[in-house]
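Read off the chains here:
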Amino acid sequence: MRKLTYFVACSIDGFIGDPKGDATSTYAYVAGEFLEYLKTEYPETVAAPAWPVVGIEPGTENRHFDTVVQGLNSYRIGLDVGVTSPYSHLRELVATRSLGESPDPNVELIADDLVGRVRELKAEESPLGIWLCGGSTIAGELIDEVDELIIKTYPQVFGSGMPMFGAGFEPRDFELGAVRAFDNGVLVRTYTRKR
């Protein structure tokens, strides 16, 4: 059974963006030691158009994930600038009811039964996992399917905004694994679901 990992960036107070989901204020922290970590440990989580800009070589192998699942708001960041397959090195799935047809052959749209489709993905044979990219609504819908959290906490407080999970209140337990601090104040924590 493959893992669904919510690999997500958030503020100290647990928001993944402003009330509309904008997290551009965190981009300045994706530099130096932390950027090197992303490039070497999680290169597949860097959008393909950014690879030449940040120095990831073409053909770099995926280390953790071969599939990405995201909501329309996350996908729209690339779509709005003409990038129809931002993670072309992965199998891309976008949860949306408003896009009628996929703008790219590499992108599968999921209009209904997101949980069922993710369960199918988890049942596939592969040494690599599934990356839940965001956003809040689909993370809330998939909260019981999430096996691992990798939270990149940026040294900012938003005060309010889009929460990591758009779900109702229900405690769910995770076990803390690795913790890594970077010189710019970014903290990466890994948690595994207690089942």
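Residues numbered from 1 in each chain as written. Predicted model: local features only at pLDDT ≥ 70, side-chain atom pairs only at ≥ 80, totals over all residues. Heavy atoms only, no water.

### Focus: the pattern of salt bridges
Put simply, the rule is: Salt bridge criterion: a side-chain nitrogen from Lys or Arg within 4 Å of a carboxyl oxygen from Asp or Glu. The helix and strand labels rest on DSSP assignments: H or I over at least four residues marks a helix, E over at least two residues marks a strand, and numbering proceeds from the N terminus. Between buried and exposed lies partly exposed: a residue is buried under 20% and exposed over 50% of the maximum accessible area for its type, with that area taken using a 1.4 Å probe on protein chains only.
If you walk through the whole model with that rule in mind, you get 17 salt bridges. Two residues, Glu-41 and Arg-63, come together in a salt bridge whose shortest N-O distance is 3.3 Å. With Glu-41 in helix H1 (residues 32–41) and Arg-63 in the loop between helix H2 (51–54) and strand S3 (65–71), the pair connects residues that are 22 residues apart, well separated along the chain. Looking at Arg-63, the relative accessible area reads 44%, which means it is partly exposed. A salt bridge links Arg-117 to Glu-120, with the shortest nitrogen-to-oxygen separation between them at 3.1 Å. Taken together, the residues Arg-117 and Glu-120, both in helix H4 (residues 114–123) and three residues apart, mark about one turn of the helix. For Arg-117, a relative accessible area of 17% translates into the label buried. The network of salt bridges with common partners includes Arg-119, Lys-122, Glu-145, Asp-147 and Arg-195.

### Here we look at the pairing of strand S7 (residues 148–154)
Put simply, the test is: A pair of strands is considered paired only if DSSP assigns at least 2 bridges between the two.
Counting buried positions over the seven residues of S7 gives seven, a clear majority of the element. The two faces of S7 match: Glu-148, Ile-150, Lys-152 and Tyr-154 on one face and Leu-149, Ile-151 and Thr-153 on the other face are all buried. In this sheet, S7 lies alongside strand S1 (residues 4–11) in parallel orientation, the contact comprising seven bridges. What sits directly across from Ala-9, in S7, is Lys-152. Where S7 and strand S10 (residues 187–193) come together, six bridges link them in antiparallel fashion. Residue Ile-150 lies in a different strand from S10, and its bridge partner there is Thr-190.

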